[in-house]
Each structure stands twice: as structure tokens, then as C-alpha cells.
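Survey of secondary and tertiary structure
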Amino acid sequence: MKLSEILRLVWINLIQNKFKVVLTSIGIVVGAATIVMVIAIGRGGQMDVADQFKNLNAGAIDISYEQSSDSSSSNSKSSSKSGLSGKSSNGNSESGNRGQDGFGGGQGMPQMQGGGEMQGGGMPGGFGGFMQGGKSSESSKINQEKITLSEDDMDDLKTFLPGISDITISYTTKSDVDGGDLDDAESYTIAGVKNNYAGMSNLTMAAGSFIESSDETNKEKVCVLGYSVAKEIFGSVKDAYDSTIYIDDRAYVVNGVISEVGTVSSGISPDDSIFIPYSTGVKYIVGTDANQTITVIASDVDKVDTVMENIQSVLAENYPNAEFTITDAGSKMEAAAESNNTLTTLLIAMAAIVFIVGGIGIMNVLFVSVKERTKEIGILKAIGCTKKDILIEFLLEACFISILGGILGVLLSFGITPVVEHFDVRVELSVFGAALAVVFAVFTGTVFGFYPALKASKLVPVEALNEE
């Protein structure tokens, strides 16, 4: 039997059973749509990861400290430098071995006030725990001192830390900002940074220039706006450049606007922040209360772990027993990529299950079709059709149903993409995904349609013609 005649028979059977064909292809439609969306969401996730960290150096390491309520002077840099020794029963460093200085002018302790006097110039470790009444409470209060990373710590790391190419320090705070098109003052994130911050974070300028070293040295009241902030306050980058805004009622000249980034770098979202010189912010806005973050760049990305260990060692000299939060950009990238891969794997598993269900549906329908068309098969064999002809006919029917389902599935994926994107999921459709979905559909139809087709081809003509 000629292939053209087989194709004609297949077409006639599909046209005469349109409703059955549509119902049979539903499983394949869903499976194909799932495949397209899996690939699209996976690619979107990969692009999100790339965009999220495009302004981070893979060797970047952030160092910060979160003050706990029970942090004490044993963790403070000043206590370490004063040569304190001995610990009390609660783990706090005491004032023993201070020599003749006692508490007078020592860096490790604030001056005593009012009735909080302590007996003796220097006390052995652990004595403070036995003080009576308010004196014990006052001693505990004195022993507690906030740890704040500073430029001195940055200089220590720069001096004693091997294997780094650059280092900077920054902080963020919230302040009221007025000016431009704002009707009333609004709260914005203010980031105090050094002049090398932009280079370390791979930031580019849409207009103007970033903070200069002279701005930092002279504590100039200048600022650099994030892309979103510039548009919110002035309406455009052009209008924002060289304008004036007011931060806590002080005038700051806009030196430049950062190009749109859409990501977070060292805990700072550039698009939504206003950058000012580090020293300017310390003088006019945050004082000494800011929680600074020190960022270092490892010279060799493969030695980031070693640099992190060395950072802890250097800081331990200044802050014994303090636990700093040290994170590297590479780990963040890997974690984000792993999360995306996990999601993609789950979606692929879902698509596989859907395809299997759809394939089983095709198999069941073809089995029913073989049963219904037993006499037809008998007639075809009686007029000279071979087993191969019957096998090809039923396989082609299964393939056409699968192709139809695959195409409809691809169209469905295009239709539901806006719905998925509405839930802030990035979808990147591709020709590869659509082609792969159709290929999988055909493969599924062929695999699951083979056995029913084989069974049909093996029917004995006489028995088939006598089938009731």
C-alpha cells in the first residue's frame, strides 16, 4: 500500500473523529505547554540570577556585625587594645591587669557617673559579679559596649589581610529628602560610601560622576542619585543632574545619576538609594551609630574561603569572641542558581508526569480504536495490506494527534505567559523550547501508540472480519 494512501486513510479517520482527537490530545497539550513554560521560567530564572549579581564581583566579601543584647566589652576593640585580661562568670572581660591607670581615661570603659563608683583601682577577673545592689547592675551596664566597624578596621584589614585587591566601607540609613518635584519630604535610603565603591560594584553613570576622594576628604555636601530615585524626585535623569535636594534639611548638590541596575550590591539597592560621601554622612546624619559594612575584593576568586578565614583572624585581634557576619558574592550566586535549578527540576518532573498521563490517554484511545475498527482492519488485510501498512497507519494517527497536541500546547504557553508574569515570575520564551515541546509530544505519541498499532497489525483477517 502506498504511503499516500495510508496518509489519506489516517486523515479520514482523524476528520471523522474530531472530538475524540481533541479529547485525546488534551494530555499532550498540557504536557507541551508545561515543557515550554519549564524552559522559559528556567531561562528567566538564570537571567534573573545574572542580572541580580551583574554588579557584584565574584570575589566580593561583605563583613558586618549585628549587635546582640548581651554583647560586652570583651568583644570591643578598645578592651583588646587596653590589654584587658580575665573573664567574669558571664564571660565579660574585666578590668584586671590594667596597671596604674585604673579606669581613668581608659579606652575600654566610659567614665563612672554619680553614685556608680567602684571600689579599688583594678579588680581581678570575676569580682564584678559579686557587687551588691545597684553597683552590680551599673558595672554590667558599663561592661556592655557596642561594636561598630570603622575605618580603622578597614585600614587594619587593608594592612594585614593578604590576597585582596580592594577594600571599602559603607553604611545605610533612612532620612527625609525634599526637593525636585516632591510635594512633601519623603524617606529614602541614604548610603554613605567611599569613592571606590562604584568601581568595586561595577556601577556606571547615566549622568555626571560618582563621589570623588576630595568630596570625602572635605566632607562635601554632594550626592549621587540612584536611577529610580532620580526619576521619582526630578522626573528624569537630565533634570536631576546638577540639581539640589535637601537631606534632613541640608542642601546637597546632585553630582550624578547611576545607570539603572535593578539589583542589590553589598546590601544596597543602587536604583533606590542616594549616595553621599562616607565622612559627610558621619558628620551630618548618622554620627557614630551607623552599622557599617566592610567590603573586600579577593584577588583570586578561587581563594575566597582563605580570605574569609583570614578576615576572621584579623578581626579577632581587635574583637575577641565577637562573631561577625562574613558572606561572599560567589556563595550568594551559587545559592540563587541552585534554587533556580531546583525549581527547574521540579517543573521538569511535573512535565514528565503530564506527558506520561497524556501518553497513556493516547494508548487507551488507540486500544479502543483498534477494537472499534477490527472489521476495517480485516478488510484492509483482505485486500492486500500488510502488517507494516496497518502498523504505520496507527502509528501515524498517534503521531498526528501528538503533533496537534504539541502545537496547541505551544500556543497555550504563549497565552498563559502574561498570566505567569503577572505574579512577578520572569518568563523567557524561546524557539528551542517550543521545538522541544513538539518533539517530546511526537515521541510520547509514538512510544505509547506503538503497542496498540502492533496489536492491530497482528490481527488475523478472518477473525477480524468475523468480529462482532
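Residues numbered from 1 in each chain as written. Predicted model: local features only at pLDDT ≥ 70, side-chain atom pairs only at ≥ 80, totals over all residues. Heavy atoms only, no water.

Each helix and strand counted, the protein has 16 helices and 10 strands in total. For the protein, buried positions account for 45% of its 468 residues. A separation threshold of at least 6 residues defines the contact pool for the protein, and within that pool the share at least 24 residues apart is 77%. Counting only carbon and sulfur atoms, one obtains 55% of the accessible surface of the protein, whose full area is about 23500 Å². (Helix = DSSP H or I, 4+ residues; strand = E, 2+ residues; numbered from the N terminus. Buried < 20%, exposed > 50% of the residue type's maximum accessible area, 1.4 Å probe, protein only. Contact = heavy atoms within 4.5 Å. Areas by Shrake-Rupley, 256 points an atom, 1.4 Å probe, with all protein chains shown as cover.)

This next bit is on the pairing of strand β3 (residues 186–193). In terms of residue burial, β3 counts as a mostly covered element, since 6 of its 8 residues are buried. Bridge analysis of strand β2 (residues 164–179) against β3 gives 7 bridges, and the strand direction is antiparallel. Residue pairing for β3: Ser-175 is matched across the bridge by Tyr-188. Across 5 bridges, β3 lies against strand β8 (residues 273–277) in parallel orientation. Of the residues in β8, the one forming a bridge with Gly-192 is Ile-276. (Pairing = 2+ DSSP bridges.)

This next bit is on the environment of Ile-353. Note on placement: Ile-353 falls in helix α12 (residues 329–372). Residues Ile-353 and Gly-31, 322 residues apart in the sequence, show an inter-C-alpha distance of 8.2 Å.

We now examine the pattern of salt bridges. If you walk through the whole model with that rule in mind, you get 3 salt bridges. A salt bridge links Glu-151 to Lys-194; the shortest N-O distance between them is 2.3 Å. Linking Glu-151 in helix α5 (residues 151–160) with Lys-194 in the loop between β3 and α6 (197–200), this pair joins segments that are 43 residues apart in sequence. Of the residues examined, Lys-194 reaches a relative accessible area of 9% and is grouped as buried. Salt-bridge contacts for Arg-426 lead to Glu-428; the nearest nitrogen and oxygen are separated by 3.1 Å. Taken together, the salt bridges that share partners define one network made up of Glu-151, Lys-194 and Glu-216. (Salt bridge = Lys/Arg side-chain N within 4 Å of Asp/Glu carboxyl O.)

Further remarks concern a negative patch on the surface. Together, Asp-181, Asp-183, Asp-184, Glu-186, Glu-232, Asp-239 and Asp-272 make up a negatively charged patch on the protein surface. Tracing the chain through its elements places Asp-181 in the loop between β2 and β3. Given the relative accessible area of 52%, Asp-181 is considered exposed. (Patch = residues over 30% accessible without salt bridge, like charges linked within 9 Å, V, L, I, M, F, W, Y side chains within 5 Å. Lys, Arg positive; Asp, Glu negative; His and termini not counted. Charge placed at Lys NZ, Arg CZ, Asp CG, Glu CD.)

Our next topic: the confidence of the model for the protein. When pLDDT is averaged across the protein, the result is 77; 76% of the residues are at 70 or more. Considering each helix and strand of the protein separately, the mean pLDDT is smallest for helix α4 (residues 133–143), with a value of 38, and largest for strand β5 (residues 222–225), with 96. (pLDDT = per-residue confidence, 0-100.)

What follows concerns the packing of aromatic side chains. Between two aromatic rings, the relevant description is the distance of the centres plus the angle of the planes. Scanning all chains against the criterion turns up 6 aromatic pairs. Arranged with centres 5.7 Å apart and planes meeting at 40 degrees, the rings of Tyr-197 and Phe-275 form a pair that is tilted. Residue Tyr-197 is located in helix α6, and its partner Phe-275 is located in strand β8; the two are separated by 78 residues in the primary sequence. For Tyr-197, a relative accessible area of 1% corresponds to the buried category. Judged by centre distance (5.5 Å) and plane angle (70 degrees), the rings of Phe-367 and Tyr-451 are edge-to-face. Taken together, the residues Phe-367 in helix α12 and Tyr-451 in helix α15 (residues 431–457) connect sequence positions 84 residues apart. Since its relative accessible area comes to 25%, Phe-367 is described here as partly exposed. One aromatic cluster is present, built from ring pairs that chain together Tyr-65, Tyr-319 and Phe-324. (Phe/Tyr/Trp six-rings, centres within 6.5 Å; stacked < 30°, edge-to-face > 60°.)

Counting 49 residues, the largest nonpolar core has Ile-63, Leu-225, Ile-245, Ile-274, Ile-311 and Phe-324 as the members making the most contacts within it. With 6 residues, helix α11 (residues 304–318) is the largest single contributor of residues to this core. In this structure, Ile-311 is in contact with Ile-61, Ile-63, Leu-157, Leu-161, Val-296 and Ile-326, ignoring residues within four places of it in sequence. In terms of nonpolar packing, the next biggest core, distinct from the first, is built from 26 residues, Val-21, Ile-28, Ile-35 and Ile-41 among them. (Core = buried A, V, L, I, M, F, W, Y, C linked by side-chain atoms within 4.5 Å.)

A word on the packing of helix α1 (residues 3–16) against helix α14 (residues 387–422). Running from N to C, α1 and α14 point in directions that differ by 50 degrees, and their axes come no closer than 9 Å. Taken together, the axis directions place α1 and α14 in an arrangement best described as oblique. Relative to α14, α1 is oriented so that their crossing is right-handed. Counted together, Leu-3, Ile-6, Leu-7, Leu-9, Val-10, Asn-13 and Leu-14 of α1 and Asp-389, Ile-392, Glu-393, Leu-396, Glu-397, Phe-400 and Ile-401 of α14 form the full contact between these two elements. Split by residue class, the contact of α1 with α14 holds 10 nonpolar, 1 polar and 3 charged. (Axes fitted to C-alpha atoms, helices over the stretch in contact; angles between N-to-C directions. Parallel < 35°, antiparallel > 145°, perpendicular 65-115°, else oblique. Left-handed = near helix turned anticlockwise from the far one by under 90°. Nonpolar A, V, L, I, M, F, W, Y, C, P; charged D, E, K, R; others polar.)

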